[in-house]
2 protein chains.
Amino acid sequence: MSTQHHDSPKSEVLTDVEIAQAHTLEPISTIAFKAGISEDALIPYGKYMAKVDPSLVQDDKQGKIILVTGVSPTPAGEGKSTTLIGLTDAFTNLGKDAIVALREPSLGPVMGLKGGAAGGGYSQVVPMENINLHFTGDFHAITSANNTLAAMIDNHIHQGNELNIDPRRITWQRCLDVNDRSLRNVVTGLGGPAHGVPTETGFTITAASEIMAILGLANDLDDLHERLAQITVGFTYDRKPVTAGELNAAGAMTALLKDALKPNLVQTMGGTPAFIHGGPFANIAHGCNTLIATKTAQKCADYVFTEAGFGADLGAEKFFDIKSHYGDLDVAGAVVVATIRSIKYNGGVDRSDLKSENLDALAKGIVNLERHVENLRKFGVRPVVALNLFTSDTDRERAWMAKWAKDFGVALEEAEVWAKGGKGAEKLAKTVLDNLVEGASSSLYNPEEGVEQSIETIAREVYRAADVQYSDAARKDLENLRASGADALPVCISKTQYSFSDDPSRLGAPEGHTLHVRQLIPRTGAGFVLALTGAVMTMPGLPKNPAANNIDVDSSGNIKGLF
Amino acid sequence: MSTQHHDSPKSEVLTDVEIAQAHTLEPISTIAFKAGISEDALIPYGKYMAKVDPSLVQDDKQGKIILVTGVSPTPAGEGKSTTLIGLTDAFTNLGKDAIVALREPSLGPVMGLKGGAAGGGYSQVVPMENINLHFTGDFHAITSANNTLAAMIDNHIHQGNELNIDPRRITWQRCLDVNDRSLRNVVTGLGGPAHGVPTETGFTITAASEIMAILGLANDLDDLHERLAQITVGFTYDRKPVTAGELNAAGAMTALLKDALKPNLVQTMGGTPAFIHGGPFANIAHGCNTLIATKTAQKCADYVFTEAGFGADLGAEKFFDIKSHYGDLDVAGAVVVATIRSIKYNGGVDRSDLKSENLDALAKGIVNLERHVENLRKFGVRPVVALNLFTSDTDRERAWMAKWAKDFGVALEEAEVWAKGGKGAEKLAKTVLDNLVEGASSSLYNPEEGVEQSIETIAREVYRAADVQYSDAARKDLENLRASGADALPVCISKTQYSFSDDPSRLGAPEGHTLHVRQLIPRTGAGFVLALTGAVMTMPGLPKNPAANNIDVDSSGNIKGLF
């Protein structure tokens, strides 16, 4: 999220899109060359974007993974992607062979709230307009595959329902990459016998489709195929799960997704290669770029900077426990992005007062950052705090932070990546280099011990809950998981990103609370059990004045008002 | 539609996808070079596909347009695209500078019934798997723009409804590129006040979106923008039309469509350049590739082969009266594709008996072809009949056809394009060359005289109806058209493709019938008035055994079972 330009240090504040449009890009073949990717492996999409065939990438540099995560998110925004991009460019500036691996933005929110997901200021990945609009079509491919499956389910029932699917128990929803609250709850199949079976259902945004999670965790095309076949689409009248494989849908879906599985190569404004690939949510899914992009990036560079969504309690935990689990990844370093504003917000300051100096609030809110740092150490990494500076930060606040870090015993460096790009993160880069540890990262729990034990461990170690309570429905779900053999899958906990607890109003670092598990859903395709601890919105709505109102194109095709 | 391989003359019958996969493609830069398109204007999508920026195409060869159309379609299929591709390759073989301009296939039917829309046998455009799946994402961009508009309409109402839109009179539907009958009639906005306003609505397939028609008729980006703004999305409580422009949606939609407006360049199996761009239906829209692709093709080659959907009564009429009207095109030649099977079918032979010799049926069914030839002459062209041969055609049937042509006074040549590619159409090519007439093509009516007069003219001159009857609703629509100023737009008649009349069972060449106009819909964005004369299905369903069941991908990414 590009959040820093409103009070950037520049006298004439340009928007992210203006900065990106003024930037001269290098041809994608030059970027590929820097990454050691031969022409053979490169599938260009225009002059500045390409897909890469991982099987044709010759190098294997076994790059070290540096995970960029953050404090609990606040409405002010922390600039996590922006920091990641600036930091990677700083590595490049230091003569290191570095690469970016990030998620793709979702089109729906681009049209909704002002803000994309390609960094900001002078720390962006470019061409930002393409990346934020259709890019190379991965999301569209997922939408197609998702809705082809939905059509095949309903058609199966319409044509005689050989599999005995209960139309009331279809769990597979359609999806669209648009913010459209009217699609959350719909009835389809109206109009009489020629037009299908009336069904209560809904649409999610494409990023929330299980197929997005599958694309994110598949090791290769065969693995993708197998996971797609294992998707549970609903249940029979006698409550047996029905899979996409039983509907003969996995082959067609794989055909629709085979190009989407190839990582997308672009560049940072510092000319560093960047893979931007996959975009699963960080609550109902694991929230990071594809495994295949991360692994390809490891072949192409010595240092791979990758991100986990939301705060470290959600994104980083899932990175270690789900993505690393399936990809057998070793994480060599972790960066926790924090801002003085976010710490004050966690200290109880109202959003409108965040620009005023407030050392007391810092002292009160710092517990949030401390907790995230402590938690990350449990995964075997040595986290570094990146303090992403804003112009409203005062010298005394900055000094307070420096002293805190020394006292707490964590490396902290300031970064000015929005305004300065890689030049604003060179000290941070050196500190990150000094804090890499190889071969030590680990997951927190062993999924084989069962979902209940996994949730218990995460709740205790990461959320610092005193206990876990299951609703009656969730208890029943647990039984079903055990009966179906899905009980040994990793757990993906869907929890508010604003608090360590499941109550979004409990800022700072709550402890001793109760984690309420409402529902457990086996995502048999993605390969995790989704544990819902609160209401989750999987289809956003547009605000009163959507960003789409201000987007326009001139006669030459230049996009205006994108951000 | 690839229809000929089931009884092709080859001893081992390969499928279209197998033939295409065995073919060695030339790099897209080579194809662009042949078309006089510089690297500057070329936006590659992989190694064998590209978008072309029309404003950067330097040549202006003012290519002659040759319109390929057909007899009334039959379930046996005529192979119109296949003939067009083979014919164009034949021109290339003769040393002529020729190019293809065709529509893009729709993904929904690819997953439904066996059959794509990229030609067949040795007369295909390639890479056929890409063209038939996501291609360069144009359909997805249309889906996005269409559904962004839908979300903005519903959001406007949800957020206070300043424009006073009547939710019961929203005419804008959502769309998806999937065959899904369950989406024809849906209720959205359920779930309470936070989730929108309950609305009865539906989805069309993407090809049926008005945006597809708009993309097909826009002359440039500004024209696209203007047309999008003029889309009527519904009506206020006091029955005033509401446009996309009033919702401030046109800019965002243009941003989503700006790349989709650029024509896609691929190649035929004969190595001839081919633009494949846009895919509007030929009943509820005008049924041909984009105007911008045709005009760009005219800059790139001396002979431009382009197609009109369905039979000449629907596709060709709309080509002359809508597409040529907006693009000021001159059509130099016309080819009517016919098969011995289709003529026998129009002579009353059952589909299962079409392979048996039947001279009586030929004599009876030939009136259909005669009528199409006569009609085409009214547009100022000198049509040539291409008899697309099948292995079941007998020598006596072929001789009968040759004699008929001589007697009737029309040039006829046989073509064997499925099995032989361009080599199978060289005589046809020479005959087409001999029958070009420049500067003589014209439209049939003057839209300024009003919709009623235009319909009257088409009904009399093309359909040979004795009269036109309007339903009460259509009479009311006529009044509204006159009041709103839309009465001077060209007319797009949606009629069954199987008959010259509005009754699909009346094969051959019916006359003296009544054309029933049920409804008139102003498509103020596309710029025509849609006249419905029967039930139109704008969202297909999947058959009992959808093609998707057989599609698969091997570990290397090769698609199997596509056709």
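Parameters and conventions
Within any chain, residue numbers begin from 1 and follow the written order of that chain's sequence. Chain A is the first chain written and ligand 1 is the first ligand written, with later ones labelled in order. Where totals are concerned, whole chains, interfaces and linings use all residues; where local detail is concerned, this predicted model gives features only for residues with pLDDT of at least 70, and gives and counts side-chain atom pairs only at 80 or more. Side-chain metrics in this entry use all non-hydrogen atoms of the structure; hydrogen atoms and water are not considered. Superposition of the copies used a least-squares fit over C-alpha atoms from residues whose pLDDT is at least 70 in both. Residue contacts follow a heavy-atom distance rule, with two residues in contact if any of their heavy atoms lie within 4.5 Å. The numbering of helices and of strands both runs from the N terminus, where a helix is a DSSP run of H or I of at least 4 residues and a strand a run of E of at least 2. Throughout this description, a polar contact denotes any pair of N or O atoms lying within 3.5 Å of each other; where both atoms belong to protein, one of them has to be capable of donating a hydrogen while the other can accept it, and for residues adjacent in sequence the pair is counted only when both atoms sit in side chains. Nonpolar cores were defined as sets of buried Ala, Val, Leu, Ile, Met, Phe, Trp, Tyr and Cys residues, with membership established by side-chain atoms within 4.5 Å. Whether a residue is buried, partly exposed or exposed follows from its accessible area with a 1.4 Å probe, protein chains only, as a fraction of its type maximum: under 20%, in between, or over 50%, in that order. Stacked, tilted and edge-to-face are the three classes applied to pairs of Phe, Tyr and Trp rings, where Trp contributes its six-membered ring and a pair requires centres within 6.5 Å; stacked means planes under 30 degrees apart, edge-to-face means over 60, and tilted covers the rest. Lysine NZ or arginine CZ positioned within 6 Å of the ring centre and within 35 degrees of the ring normal marks a charge as sitting over the ring. Angles here are taken between N-to-C directions and fall from 0 to 180 degrees, while the axes themselves are lines fitted to C-alpha atoms, restricted in helices to the stretch in contact. Each angle gets one of four labels, with under 35 degrees taken as roughly parallel, over 145 as roughly antiparallel, 65 to 115 as roughly perpendicular, and the rest as oblique. Less than a right angle of anticlockwise turn of the near helix away from the far helix marks a crossing as left-handed, whereas a clockwise turn marks it as right-handed. Each residue gets one label: Ala, Val, Leu, Ile, Met, Phe, Trp, Tyr, Cys and Pro are nonpolar, Asp, Glu, Lys and Arg are charged, and the others, such as Gly, are polar. UniProt positions are given in the numbering used here, feature names are shortened, and annotations may be inferred rather than shown by experiment. Here a cavity denotes grid points, spaced 1 Å and computed from the protein atoms alone, that fit a 1.4 Å probe unable to get out, and a pocket denotes an open set having protein on both sides within 12 Å along at least 5 of 7 lines; residues with an atom within 4 Å of a point are the lining. Grid points are joined across faces, edges and corners, and a volume is the space filled by probe spheres set on the points.

Turning our attention to the relation of the copies chain A and chain B. Copy one and copy two of the chain differ by a rotation about an axis and a translation along that axis. When chain A is fitted to chain B, the residual RMSD is 0.0 Å, and the transformation amounts to a turn of 180 degrees plus an axial shift of 0.0 Å. What the rotation and shift describe, once combined, is the action of a two-fold rotation axis. Residues of chain A ranked by C-alpha distance from the rotation axis are headed by tyrosine 45 of chain A, positioned 2.2 Å from it. Here 100% of the contact residues of chain A are again contact residues in chain B; the copies associate through an equivalent surface.

All names here are of chain A. Tracing the chain through its elements places tyrosine 445 in the loop between helix 16 (426–434) and helix 17 (451–463). Through-space distance from the C-alpha of tyrosine 445 to that of histidine 140 is 35 Å; in sequence the pair is 305 residues apart. Not counting residues within four places of it along the chain, the set of residues in contact with tyrosine 445 comprises Glu317, Asp321, Ser454, Thr457, Ile458, Pro490 and Val491. Within the structure, the side chain of tyrosine 445 is placed 2.9 Å from the backbone nitrogen of valine 491, a separation counted as a polar contact.

This part takes up the nonpolar core. Ranked by size, the top nonpolar core spans 149 residues in total, and within it Leu149 and Ile231 of chain A together with Leu149 and Ile231 of chain B carry the most contacts. Counting 67 residues, the second largest nonpolar core, distinct from the first, contains Leu87 and Phe305 of chain A together with Val100 and Leu102 of chain B.

Across all of its chains, the model carries 12 aromatic pairs over all chains by this definition. Each ring, one from phenylalanine 320 of chain A and one from phenylalanine 379 of chain A, has its centre 4.5 Å from the other, and the planes form 10 degrees; the classification is stacked. You can see phenylalanine 320 of chain A sitting in helix 11 (residues 315–327) and its partner phenylalanine 379 of chain A sitting in the loop between helix 13 (359–377) and strand 18 (384–388), a full 59 residues away along the chain. A single burial state applies to phenylalanine 320 of chain A and to phenylalanine 379 of chain A, both of which are buried. Ring geometry for tryptophan 404 of chain B and phenylalanine 408 of chain B: centres 5.3 Å apart, planes at 20 degrees, overall stacked. On the criterion of helical spacing, the pair formed by tryptophan 404 of chain B and phenylalanine 408 of chain B is a turn pair, its members being 4 residues apart in helix 14 (residues 395–408). Classification of phenylalanine 408 of chain B as partly exposed rests on a relative accessible area of 23%. By the ring-pair criterion, three or more aromatic residues cluster together here, those being Phe91, Tyr303 and Phe305 of chain A. Above the plane of the ring of phenylalanine 500 of chain A lies arginine 371 of chain A, whose end atom (NZ or CZ) is 5.0 Å from the centre.

Residue and element names in this part refer to chain B. Here helix 6 (residues 138–158) crosses helix 7 (residues 210–217) at 125 degrees, and the two axes come no closer than 9 Å. Taken as axis vectors, helix 6 and helix 7 run oblique relative to one another. Here the hand of the crossing between helix 6 and helix 7 comes out right-handed. Contact residues: helix 6 offers Phe139, Ile142, Ala145 and Asn146, while helix 7 offers Ile211, Met212 and Leu215. Within the contact of helix 6 with helix 7, the residues separate by chemical class into 6 nonpolar, 1 polar and no charged.

With that settled, the discussion passes to the UniProt feature "binding site: ATP" (unreviewed entry) in chain A. All names here are of chain A. The sites that carry the UniProt feature "binding site: ATP" (unreviewed entry) are, in the present numbering, Thr74, Pro75, Ala76, Gly77, Glu78, Gly79, Lys80 and Ser81. Looking at where alanine 76 falls in the secondary structure, it is placed in the loop between strand 3 (64–70) and helix 3 (80–93). The exposure class assigned to alanine 76 is buried, which follows from its relative accessible area of 11%. Its place among the elements puts glycine 79 in the loop between strand 3 and helix 3. Given a relative accessible area of 6%, glycine 79 falls into the buried group.

Moving on, we come to the environment of glycine 108 of chain B. All names here are of chain B. You can see glycine 108 is positioned in helix 4 (residues 107–112). Residue glycine 108 is classed as buried on the basis of its relative accessible area, which comes to 2%. Through-space distance from the C-alpha of glycine 108 to that of asparagine 179 is 4.7 Å; in sequence the pair is 71 residues apart. With near-sequence residues (within four places) excluded, glycine 108 lies in contact with Asp177, Val178, Asn179 and Ile205.

All names here are of chain A. Relative to the helices and strands, valine 468 is located in strand 20 (residues 465–470). Using a relative accessible area of 18% as the deciding quantity, one classes valine 468 as buried. Separated by 46 residues in the primary sequence, valine 468 and threonine 514 place their C-alpha atoms 5.5 Å from one another.

It is worth spelling out empty space enclosed by the protein at this point. Applying the stated criterion to the full structure yields 7 cavities of 30 Å³ or more. Approximately 170 Å³ is the volume attributed to the largest cavity. Lining the largest cavity are 14 residues, with Thr143 and Leu176 of chain A together with His140, Thr143 and Leu176 of chain B positioned closest to its centre. If you list the elements that add at least two residues to the lining of the largest cavity, you get helix 6 (138–158) of chain A together with helix 6 of chain B. Partitioning the lining of the largest cavity into residue classes produces 4 nonpolar, 8 polar and 2 charged.

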